[in-house]
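# Working through the structure, step by step
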Amino acid sequence: MVSGRIANNLLLPTPYSLILFIGLPGSGKSTLTRQLIVADPKLKLISTDKIRERLFGNEIIQGDWLLVWREVQRQFQRAVIQISRGEVSAAIYDATNAQRRHRREVIICARAVGFKQIVGLWVDTPVWLCLARNRRRDRQVPEEVILRMHRQLHDAAPSLSEGLDCLWRSSQLLPSCTSTALPK
């Protein structure tokens, strides 16, 4: 199983690590997140869907992005405090992060609040499979939105140059890391 392999091999050698998920709706990000949390229950989940559900009563309601972003920032800060107390091993940010500009904002914010290592996890599922999974969901994302995100991701694919210390691409399962990100 792809996700099991990632869960077993995704080493976070430095304290204050953030796993930044990147992928289309329907790519399997949330499923993989749940599997990682089963493997390490001390992982802290920060999910824009869960934040929307709490703020607006339903995760399908997009609402005001600034309210969502403020809550993401607050949860980042709280996660760093929880890591410092030993209550949490690392944090996971579960969102599409399809736009390079948004990924960079997240990375800058995460570093500013105290995350020392940021691992990108690009769940690069074929768009046709994401669309098929989306059709089976109760909460469907409009197909044109998924196709737009697909173009954004592939026109500006995630890379280490964005400030990531390590980047895993689930379709290949071979990490691309800075020299100090993962032990040999």
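Each chain has its residues counted from 1, running along the sequence as written. Predicted model: local features are reported for residues with pLDDT of at least 70 only, side-chain atom pairs are reported and counted for 80 or more only, and whole-chain, interface and lining totals are derived from all residues. To obtain the side-chain values, all non-hydrogen atoms of the structure were included, while hydrogens and water were left out.

## Considering the pattern of salt bridges
Only one rule defines a salt bridge in this text: a Lys or Arg side-chain nitrogen within 4 Å of an Asp or Glu carboxyl oxygen. Applying the stated criterion across every chain yields a total of 11 salt bridges. Note that R54 is salt-bridged to E71, the shortest N-O span being 2.8 Å. Highlighted residues: R54 in helix α3 (residues 48–56) and E71 in helix α4 (residues 65–84), separated in sequence by 17 residues. Any residue under 20% of the maximum accessible area for its type is buried, any over 50% is exposed, and the rest in between are partly exposed; the area is computed with a 1.4 Å probe on protein chains only. Overall, the relative accessible area of 52% leaves R54 in the exposed class. Among the ionic pairs, R101 bridges to E105, the shortest N-O distance being 3.9 Å. Here R101 pairs with E105, and both are found in helix α5 (residues 100–113), just four residues apart, close to one helical turn. Look at R101 and you get exposed, because its relative accessible area is 53%. Salt bridges sharing partners connect three or more residues here, namely D49, R52 and R139. Numbering of helices and strands starts at the N terminus; helices are DSSP runs of H or I of at least 4 residues and strands are runs of E of at least 2.

## Notes on the side chain of D165
When you line up the elements, D165 lands in the loop between α7 (143–155) and β5 (166–169). N or O atoms closer than or at 3.5 Å make up a polar contact, with two conditions inside protein: a donor-capable atom paired with an acceptor-capable one, and, for residues adjacent in sequence, both atoms drawn from side chains. One polar contact links D165 to R111, side chain to side chain, over a distance of 2.8 Å. Polar side-chain contacts of D165 include one of 2.8 Å to the backbone nitrogen of I118.

## Here's the deal with the packing of α3 against α4
Structural elements are reduced to axes, namely lines fitted to C-alpha atoms, with helices fitted over the stretch in contact, and the angle between N-to-C directions of any two is expressed from 0 to 180 degrees. Relative to each other, α3 and α4 sit at 115 degrees, their axes nearing to 10 Å. The handedness of the crossing between α3 and α4 is right-handed. Touching T48, I51, R52, R54, L55 and F56 of α3 are W65, L67, V68, E71, V72, R74 and Q75, all from α4. Polar here means any residue other than Ala, Val, Leu, Ile, Met, Phe, Trp, Tyr, Cys and Pro, which are nonpolar, and Asp, Glu, Lys and Arg, which are charged; Gly is therefore polar. Taken together, the residues that form the contact of α3 with α4 break down as seven nonpolar, two polar and four charged. In a left-handed crossing the near helix is turned counterclockwise from the far helix by less than a right angle, and in a right-handed crossing that turn is clockwise. In what follows, residue pairs with any heavy atoms lying within 4.5 Å of each other are defined as contacts.

## What about α3?
Regarding α3, the residues found buried are T48, D49, I51 and R52. Relative to the axis of α3, the buried residues are bounded by an arc of 160 degrees and lie together on one face. Looking at the buried side of α3, the elements it contacts are β2 (43–47), α4 and β3 (90–94). Looking at where α3 begins, the residue whose side-chain oxygen comes 3.3 Å from the main-chain nitrogen of D49 is S47. With its phi angle positive at about 90 degrees, G57 sits one or two positions after the end of α3. In this description, the arc belongs to the directions extending from the helix axis to the C-beta atoms.

## A closer look at the environment of Q75
Its location among the elements puts Q75 in helix α4. Once the C-alpha coordinates of Q75 and K44 are considered, the two residues, 31 residues apart in sequence, prove to be 9.4 Å apart. With sequence-adjacent residues up to four places away left out, Q75 is seen in contact with L45, I46 and I51.

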